[in-house]
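Tertiary structure, described
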Amino acid sequence: MQRAIRTPAGLAAAVGIALEDLPYSQIADQGFPLLVPHAFAARIERGNVADPLLRQILAAQDETLTVAGYSNDPLAETSLYAGTPGLLQKYHGRALLVVTGQCAINCRYCFRRDYPYSDNAQSSTERLATIDQLLDDSSIGEIILSGGDPLLLLDEQITAIAQRIARHERDITLRIHTRLPIVIPDRVTTALTRTLSQTGLRSVMVLHSNHPNEIDQATAKAIQSLRDAGVTMLNQSVLLAGVNDNPDVLAALSDRLFAAGVLPYYIHMLDKVAGSSHFEVCEDSARRIMGELSALRPGYLIPKLAVERPGAASKRQLEPIYPSV
Ligand SMILES: *Cc1c(COP(=O)(O)O)cnc(C)c1O
Ligand code: SF4
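Definitions and limits used
Residues numbered from 1 in each chain as written. Chains lettered and ligands numbered in written order. Predicted model: local features only at pLDDT ≥ 70, side-chain atom pairs only at ≥ 80, totals over all residues. Heavy atoms only, no water. Core = buried A, V, L, I, M, F, W, Y, C linked by side-chain atoms within 4.5 Å. Buried < 20%, exposed > 50% of the residue type's maximum accessible area, 1.4 Å probe, protein only. Contact = heavy atoms within 4.5 Å. Salt bridge = Lys/Arg side-chain N within 4 Å of Asp/Glu carboxyl O. Helix = DSSP H or I, 4+ residues; strand = E, 2+ residues; numbered from the N terminus. Axes fitted to C-alpha atoms, helices over the stretch in contact; angles between N-to-C directions. Parallel < 35°, antiparallel > 145°, perpendicular 65-115°, else oblique. Left-handed = near helix turned anticlockwise from the far one by under 90°. Nonpolar A, V, L, I, M, F, W, Y, C, P; charged D, E, K, R; others polar. UniProt positions renumbered as here; feature names shortened; annotations may be inferred. Arc of directions from axis to C-beta. Near = heavy atom within 4 Å. Polar contact = N/O pair within 3.5 Å; in protein donor to acceptor, adjacent residues only side chain to side chain. Areas by Shrake-Rupley, 256 points an atom, 1.4 Å probe, with all protein chains shown as cover.

1. Some details on the nonpolar core
One finds Leu11, Leu54, Ile143, Ile165 and Met205 to be the most contacted residues of the largest nonpolar core, which totals 69 residues. When sequence neighbours within four positions are dropped, the list of residues in contact with Ile143 reads Ala95, Leu97, Ile131, Leu134, Leu135, Ile165, Ile172, Thr173, Leu174 and Arg175.

2. Considering the pattern of salt bridges
Under the criterion given, the structure shown has 15 salt bridges. In this structure, Arg108 engages Glu63 in a salt bridge whose closest nitrogen and oxygen atoms are separated by 2.9 Å. Note that Arg108 is positioned in the loop between strand 2 (94–98) and helix 5 (124–136) and Glu63 in the loop between helix 4 (52–57) and strand 1 (87–88), a separation of 45 residues in sequence. Salt bridges linked by common partners bring Glu63, Arg108 and Arg113 together as one network.

3. Quick notes on the packing of helix 10 (residues 247–259) against helix 11 (residues 283–294)
At a minimum axis separation of 9 Å, helix 10 and helix 11 run at an interaxial angle of 55 degrees. Classed by the angle they form, the pair helix 10 and helix 11 counts as oblique. In the crossing of helix 10 with helix 11, the sense of the turn from one axis to the other is right-handed. Of the residues in helix 11, those touching helix 10 at Pro247, Leu250 and Ala251 are Ile289, Met290, Glu292 and Leu293. Broken down by class, the residue content of the contact of helix 10 with helix 11 amounts to six nonpolar, no polar and one charged.

4. Thoughts on the UniProt feature "domain: Radical SAM core" (unreviewed entry) in the protein chain
Mapped onto the present numbering, the UniProt feature "domain: Radical SAM core" (unreviewed entry) falls at residues 89–303. Split by type, residues 89–303 is 35% helix and 17% strand. Its first and last C-alpha atoms lie 24 Å apart.

5. What about helix 8 (residues 190–198)?
What helix 8 keeps buried is the set Leu192, Thr193, Thr195 and Leu196. Down the axis of helix 8, the sector holding all buried residues measures 155 degrees, keeping them to one side. With respect to the buried face of helix 8, the exposed residues turned more than 90 degrees away are Thr190 and Gln198. Contact partners of the buried residues in helix 8: helix 6 (155–166), strand 4 (173–178), strand 5 (202–208) and helix 9 (217–228). Gly200 lies just past helix 8 and shows a positive phi near 80 degrees.

6. Some thoughts on the site of ligand 1
In the vicinity of ligand 1, the contacting residues are Leu88, Lys90, Tyr91, Arg94, Leu96, Ile144, Arg175, Tyr265, Tyr266, Glu308 and Lys315. Take Lys315: an N or O atom from its side chain is 3.1 Å from an oxygen atom of ligand 1. Here ligand 1 loses 93% of its free accessible area of 390 Å² to cover by the protein chains. Those elements that provide at least two residues to the shell around ligand 1 are strand 2 and strand 7 (263–268). Considered class by class, the residues forming the shell around ligand 1 number six nonpolar, no polar and five charged.

Following this line, the structure appears as structure tokens:
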């Protein structure tokens, strides 16, 4: 994290592109800082301004456009779902904890890029008290750690959370939503995998990757050690124009994930956060891409196309539009 790329010049050097050839914007960078770990930057094709990984992380001129329908809180998380700081309870049986505002990478399309993390911070003690309250509620069957990226907590903090959940009589699933095994595979330490295997909790990890080039050997090795610890491995993606809005790319992503022992779970429609309009894929195109993908791979390699609507009781699935026979 300390060595991560935080300047446009550092990024330009890492990807072998002259600074003046990058569509970089300082205004975009000031609003949401450029942040890329070297392990991720190394998978960007040198000299390729249109690289799908570069597009996900470059603070770009397009972000400064003001576009109708795009806002700072597209999912109404700070109004409709405000309550205990850091706790989001939208769906039956599941409670989501925003355990940190930090990420190892700043994805330009992030729907929480403007989330007021500092208003929602909890100390470790407060968080454990929140978990106790949740466990007293017999309707809760799953606790989800989110962020930010929950794997930016220290191993001791994650262990404390897992042990707190495990000591309850009830059968609870621990789910971790993280991009870290993708962007800094070294984060998957033995202390982490030991915690996940030793607490006896049923645990699920939902990775976030959008393009097959994000999964290299180091990532696959990190995933293998999580699997060895008994963690069920899933992946979610965001459907992004110029990154993965193509059935062949999504088929290749599913293949790469499956080879590493991960099943595709969701592919999300973009949440319309201000500054992300250049990533938009319209619903019709998205549904057609999924229809074409369905013809290329078995059902278990097809993620569900999901969209979030504030106030809805679940994420909604959009039906693929299949190629005509
Ligand atoms: C996405 C999300 C979940 C998990 O939904 P699943 O459909 O179970 O993956 C839970 N809580 C919140 C607040 C969410 O945004
Ligand atoms: S890793 Fe997730 S939370 Fe962090 S910036 Fe990317 S999309 Fe947002």
